Amino acid sequence: MSAERRRMESAIRSLLDNYPDPALHNWVVKTVGAFEERLSAIVDPRERDQVQQAALILIKSTLQQWSEKPPVRH
């Protein structure tokens with residue numbers, strides 16, 4: 001596992017720790033699971049690593065946007 005990937009996963013965990021919303025945690029778990037399932041079909045390890053990095057960036061960016069403007073519940 002690359003240092004960049006560890007940093008990205010740490011940032012995602014940190015964002016999740018700040019927001020205990022079960023729906024948000026569920027979304028992350030399901031999204032990571034969906035990516036992992038699709039990535040398992042990629043044979044080239046470098047390509048798989050690049051796609052995993054892109055997936056983590058997408059998840060982190062989504063969480064950052066959510067943390068800046070969380071949904072309002074009524």
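Up top is the structure these notes are about.
Residues numbered from 1 in each chain as written. Predicted model: local features only at pLDDT ≥ 70, side-chain atom pairs only at ≥ 80, totals over all residues. Heavy atoms only, no water.

Enquirer: Whenever I open this one, the overall build of the chain confuses me. Can you help?
Expert: The helix and strand inventory of the chain stands at three helices and zero strands. Reading the chain from its N terminus to its C terminus gives the helix and strand order α-α-α. When the 74 residues of the chain are sorted by exposure, 26% land in the buried category. A sequence separation of at least 24 residues applies to 71% of the contacts in the chain between residues at least 6 apart. For the chain, the accessible surface area stands at approximately 5,600 Å², while carbon and sulfur atoms represent 55% of it. (Helix = DSSP H or I, 4+ residues; strand = E, 2+ residues; numbered from the N terminus. Buried < 20%, exposed > 50% of the residue type's maximum accessible area, 1.4 Å probe, protein only. Contact = heavy atoms within 4.5 Å. Areas by Shrake-Rupley, 256 points an atom, 1.4 Å probe, with all protein chains shown as cover.)

Enquirer: Which parts of the structure should I look at to understand the packing of aromatic side chains?
Expert: Centre-to-centre distance and the angle between the planes together describe a pair of aromatic rings. Applying the stated rule across the entire model yields one aromatic pair. On the basis of an interplanar angle of 85 degrees and a centroid distance of 4.8 Å, the ring pair of Tyr 19 and Trp 66 is categorised as edge-to-face. Here Tyr 19 is found in the loop between helix H1 (3-18) and helix H2 (22-39), whereas its partner Trp 66 is found in helix H3 (residues 45-68), with 47 residues between them in sequence. On the basis of relative accessible area, Tyr 19 is assigned to the partly exposed category, the value being 24%. (Phe/Tyr/Trp six-rings, centres within 6.5 Å; stacked < 30°, edge-to-face > 60°.)

Enquirer: Explanation requested: the packing of H2 against H3 in the structure shown.
Expert: Each pair of packed helices gets described by two things: the angle between the helix axes and the distance between those axes. At their nearest, the axes of H2 and H3 sit 11 Å apart, and the two run at 165 degrees to each other. Classified by the interaxial angle, the pair formed by H2 and H3 is roughly antiparallel. Both H2 and H3 take part in a crossing whose hand is right-handed. In this structure, H2 contributes Leu 24, Trp 27, Val 28, Thr 31, Val 32, Phe 35, Glu 36 and Leu 39 to the contact, and H3 contributes Arg 48, Val 51, Gln 52, Ala 55, Leu 58, Ile 59, Thr 62, Leu 63 and Trp 66. Classifying every residue of the contact of H2 with H3 by side-chain character gives 12 nonpolar, three polar and two charged. (Axes fitted to C-alpha atoms, helices over the stretch in contact; angles between N-to-C directions. Parallel < 35°, antiparallel > 145°, perpendicular 65-115°, else oblique. Left-handed = near helix turned anticlockwise from the far one by under 90°. Nonpolar A, V, L, I, M, F, W, Y, C, P; charged D, E, K, R; others polar.)

Enquirer: Any chance you could explain H2 here in plain terms?
Expert: One turn of the α-helix equals 3.6 residues, which is why residues spaced by three or four share an orientation. A rise of 1.5 Å per residue sets the reference length of H2, with its 18 residues, at 26 Å; its end C-alpha atoms lie 25 Å apart and thus fit the reference within 8%. Restricting attention to buried positions, one finds in H2 the residues Leu 24, Val 28, Thr 31 and Leu 39. What you see down the axis of H2 is that its buried residues fit within an arc of 70 degrees, all on one side. Exposed side of H2, more than 90 degrees from the buried face: Pro 22, Val 29, Lys 30 and Glu 37 are the residues found there. Packed against the buried residues of H2 are H1 and H3. Sitting at the head of H2, Asp 21 places a side-chain oxygen 2.9 Å from the backbone nitrogen of Ala 23. (Expected span 1.5 Å × (residues − 1). Arc of directions from axis to C-beta. Polar contact = N/O pair within 3.5 Å; in protein donor to acceptor, adjacent residues only side chain to side chain.)

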